Amino acid sequence: MKLLHSIHDFSISHPDTPAFISPNREINYKELWQQSEHVANWILTKRLPKDSAIMVYGHMEPEMIVSFLGCVKSGHPYIPIDTSIPLERIDRISKSSQSELMINVSGTPLEINLPSAKIVEFNQIVSANVEVDKVEATNWVSEDDNFYIIYTSGSTGNPKGVQISANNLQSFVNWMTEDFPINGQLCFLNQAPFSFDLSVMDLYPALATGGSIFAITKEMIARPKILFEALQKSKTQIWTSTPSFVQMCLMDPSFNDGLLPELTCFLFCGEILPVPISRQLLERFPNAKVFNTYGPTEATVAVTSVEITRDILNQYQSLPVGSPKKDTKLLLLDENGSETAEEEKGEIIIVGPSVSKGYLGESGLTEKVFFTRDGEMAYRTGDAGYMENNLLFYKGRMDFQIKLHGYRMELEEIEHHISESKYVKSAVIVPIYQNDKIEYLTAAIVPAKHEFEKEYQLTSAIKKELGEKLPAYMIPRKFIYQEELPMTPNGKIDRKHIKEKVLA
Ligand code: AMP
């Protein structure tokens, strides 16, 4: 695979260039290649079934990248699992993927027994006595083999594993390195945990071009002073984040080209990029370009892009998400499956080589949203949009999938888990918007019999239960209790009524 060959070439031509920098630790290209070679050799001794995926658990440690490359060099895809994922969800991922191995990079032992997977500490692998041979490229994942599997929220309560092949990823990396100002040996910022595919937007374009990745940890995000000190030292040139994250940074007036003098390019993906944020960025960073990109995990990070110039800002009230990469076609279909006319809204369908082959082990779910068209994979995004002047405009979701602070989730998955609580008879989750953006989630609950005197005690008991199943970002901020959930005249739950009640 071209990407892996490029990383190998850099490990020889630029051995000392830092590949990945996390607080107090960094790894250069030579170390990255050699250590991942050791991991790959060790995995090969385990003789795992062909194609079986390996879970890699940790946060922003350089060993995460070492393990990812170790997996793919030994012919196995990896499943990145961030430390923010609760144990019960890890158990579901483990069952769904039937993975036989988890590499724990976090340094803290995991208090969990996985049904079919053995957990191995990264350090055990390092100290294992393995013959370190060169791992031949014939062992590497290639072509249609899975490179990684990222689990996203699923409406039935189980997360679903999006399979991304070597070809899918190569198509994405080619686009990033050809169509964006990514011309080699630059410093990239990584904000997103590896279990979200936004992290792929910096990780592999950086490694494919001999660049360095500067990682931001969750501890830094929680403490802006430390974050800003780190940013100042980072020499970041390519910024990749959600719009929500940069919005948080913009609240500090010192977030400007004095702090990051070398920054030349902002890449955004994952949620709506608001006009005022883009405007402020162009003012505070006059030498940087701002790109809006769009795409789901199922089509490998992103498939459309547009540079947000001052002209575009003056022209549109909601920003376009751009035009498709050249190997990809977009279709906009109405309810009857016919293509819509220019400027008419339809469901966005993505057709091209970066579209996944589907959800791991879920043929039913896969058939619902994936199909082939003229021999290429196609994906029904569930997003609404329209084209104008060859630019795609995003017009929201057609179902209950949402984005909150950049995180993708299915409201139905949260409802499923809340309804399982012993304190809950029925529940519905309602997103509360401010200026077209979801600010927080509210749970409207009909409680079951309980022993608590006060509502806040009930709320904290439910939240505690939820915390064992869902990551913190999926737990509603506000809880309201009702004797019954309001219904619309046609018998559906009246979400609008609940919204009004919350805001009253
Ligand atoms: P994820 O799989 O986490 O990348 O989430 C994909 C979803 O995020 C898409 O299907 C869209 O609903 C939304 N999304 C991605 N990029 C954008 C964007 N630039 N503007 C608005 N929504 C976006």
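Here the structure is a predicted model, which is why all the values come from computation and not from measurement. (Residues numbered from 1 in each chain as written. Predicted model: local features only at pLDDT ≥ 70, side-chain atom pairs only at ≥ 80, totals over all residues. Heavy atoms only, no water.)

Caption draft 1: How the structure looks around the site of the ligand. The environment of the ligand is formed by 16 residues, the closest being Thr293, Thr297, Asp383, Lys403 and Arg408. In this structure, Gly270 approaches the ligand through a main-chain N or O atom, which is 3.1 Å from a nitrogen atom. Taking Tyr394, its side chain carries an N or O atom lying 3.0 Å from an oxygen atom of the ligand. For the shell around the ligand, the elements supplying multiple residues, two or more each, are β13 (289-294) and β20 (391-397). Per-element tally for the shell around the ligand: the top contributor is β13, with three residues. (Near = heavy atom within 4 Å. Polar contact = N/O pair within 3.5 Å; in protein donor to acceptor, adjacent residues only side chain to side chain. Helix = DSSP H or I, 4+ residues; strand = E, 2+ residues; numbered from the N terminus.)

Caption draft 2: Region of interest: the nonpolar core. Ranked by internal contacts, the top residues of the largest apolar core, which has 85 residues, are Ile103, Phe147, Leu169, Tyr204 and Leu207. Here this core takes eight residues from helix α7 (residues 198-208), the largest share from any one element. Core analysis: the next-biggest nonpolar cluster, separate from the first, contains 38 residues, Leu189, Leu227, Leu260 and Leu391 among them. (Core = buried A, V, L, I, M, F, W, Y, C linked by side-chain atoms within 4.5 Å. Buried < 20%, exposed > 50% of the residue type's maximum accessible area, 1.4 Å probe, protein only.)

Caption draft 3: How the structure looks around empty space enclosed by the protein. Applying the stated criterion across every chain yields a total of two cavities of 30 Å³ or more. Within this model, the largest cavity holds a volume of roughly 50 Å³. Lining the largest cavity are Phe68, Tyr78, Pro80, Tyr148, Ile150, Phe194, Ser199, Val200 and Leu203. Those elements that place two or more of their residues in the lining of the largest cavity are β4 (78-82), β7 (146-152) and α7. Sorting elements by how many residues they give to the lining of the largest cavity places α7 first, with three residues. Taken together, the residues of the lining of the largest cavity break down into eight nonpolar, one polar and no charged. Volume-wise, the second largest cavity comes out at about 30 Å³. Lining the second largest cavity we find His417, Ile418, Glu420, Ser421, Ile462, Glu465, Leu466 and Lys469. When residues of the lining of the second largest cavity are traced back to their parent elements, those giving at least two are α14 (411-419) and α15 (455-467). In terms of residue count, α15 provides more of the lining of the second largest cavity than any other element does, three residues in total. (1 Å grid on protein atoms, 1.4 Å probe; cavity = no way out; pocket = protein on both sides within 12 Å on 5 of 7 lines; lining within 4 Å. Points joined across faces, edges and corners; volume = space filled by probe spheres on them. Nonpolar A, V, L, I, M, F, W, Y, C, P; charged D, E, K, R; others polar.)

Caption draft 4: Highlighting the packing of helix α1 (residues 2-13) against helix α2 (residues 29-46). Between α1 and α2, the least distance of the axes is 8 Å, while the angle of their chain directions is 125 degrees. In this view, α1 runs oblique relative to α2, as classed from their interaxial angle. Crossing handedness for the pair α1 and α2: left-handed. Residue-level contacts link Leu4, Ile7, His8, Phe10 and Ser11 of α1 to Tyr29, Lys30, Leu32 and Trp33 of α2. Broken down by class, the residue content of the contact of α1 with α2 amounts to six nonpolar, two polar and one charged. (Axes fitted to C-alpha atoms, helices over the stretch in contact; angles between N-to-C directions. Parallel < 35°, antiparallel > 145°, perpendicular 65-115°, else oblique. Left-handed = near helix turned anticlockwise from the far one by under 90°. Contact = heavy atoms within 4.5 Å.)

Caption draft 5: Spatial organisation of the pairing of strand β14 (residues 304-307). Two strands pair when backbone bridges link them, and β13 and β14 are joined in this way by four bridges, in the antiparallel orientation. Among the inter-strand pairings, Phe291 is bridged to a residue of β14, identified as Glu307. Sheet topology places β14 next to strand β15 (residues 323-324); two bridges connect them, and they run antiparallel. Note on β15: the bridge partner recorded for Ser305 is Ser323. (Pairing = 2+ DSSP bridges.)

Caption draft 6: The arrangement of the sheet that holds strand β10 (residues 212-215) in detail. The sheet built from nine strands is open, its strands ordered β2-β1-β10-β9-β11-β12-β13-β14-β15 with mixed pairing. Each edge of the open sheet is held by one strand with a lone partner, namely β2 (25-28) and β15. With respect to the sheet, α2 is in contact with β1 (18-22) and β2, its orientation differing from that of β2 by roughly 80 degrees. Contacts from helix α10 (residues 243-250) reach β11 (238-241) and β12 (265-268) within the one sheet, and its direction differs from that of β11 by about 115 degrees.

Caption draft 7: Representation of the pairing of strand β25 (residues 478-481) within the structure. Two strands pair when backbone bridges link them, and strand β24 (residues 437-447) and β25 are joined in this way by four bridges, in the parallel orientation. If you follow Ala444 over to β25, its bridge partner there is Ile480. With α15 bridging β24 and the parallel β25, this β-α-β connection has right-handed handedness. (Right-handed = clockwise from strand over helix to strand, strands pointing away.)

Caption draft 8: Structural detail: the sheet that holds β25. The sheet built from three strands is open, its strands ordered β23-β24-β25 with mixed pairing. Where the open sheet ends on each side, the last strands, each with one partner, are β23 (424-434) and β25. On average, each strand axis in the sheet is inclined to that of its neighbour by 25 degrees, with strand direction left out of account.

Caption draft 9: Layout of the packing of aromatic side chains. Counted according to the given criterion, the structure contains 27 aromatic pairs. Ring centres 5.1 Å apart and planes at 80 degrees place the aromatic pair Trp175 and Phe180 in the edge-to-face group. Exposure remark for Phe180: the relative accessible area of 5% places this residue in the buried category. Here a set of aromatic residues connected by ring pairs shows up, and it is made of Phe20, Phe68, Tyr78, Phe147, Tyr148, Phe194 and Tyr204. Cation over ring: Lys73 sits above Trp33, and NZ or CZ is 3.3 Å from the ring centre. Positioned above the aromatic ring of Phe400 is the side chain of Arg495, whose terminal nitrogen or guanidinium carbon lies 4.4 Å from the ring centre. (Phe/Tyr/Trp six-rings, centres within 6.5 Å; stacked < 30°, edge-to-face > 60°. Lys NZ or Arg CZ within 6 Å of the ring centre and 35° of its normal.)

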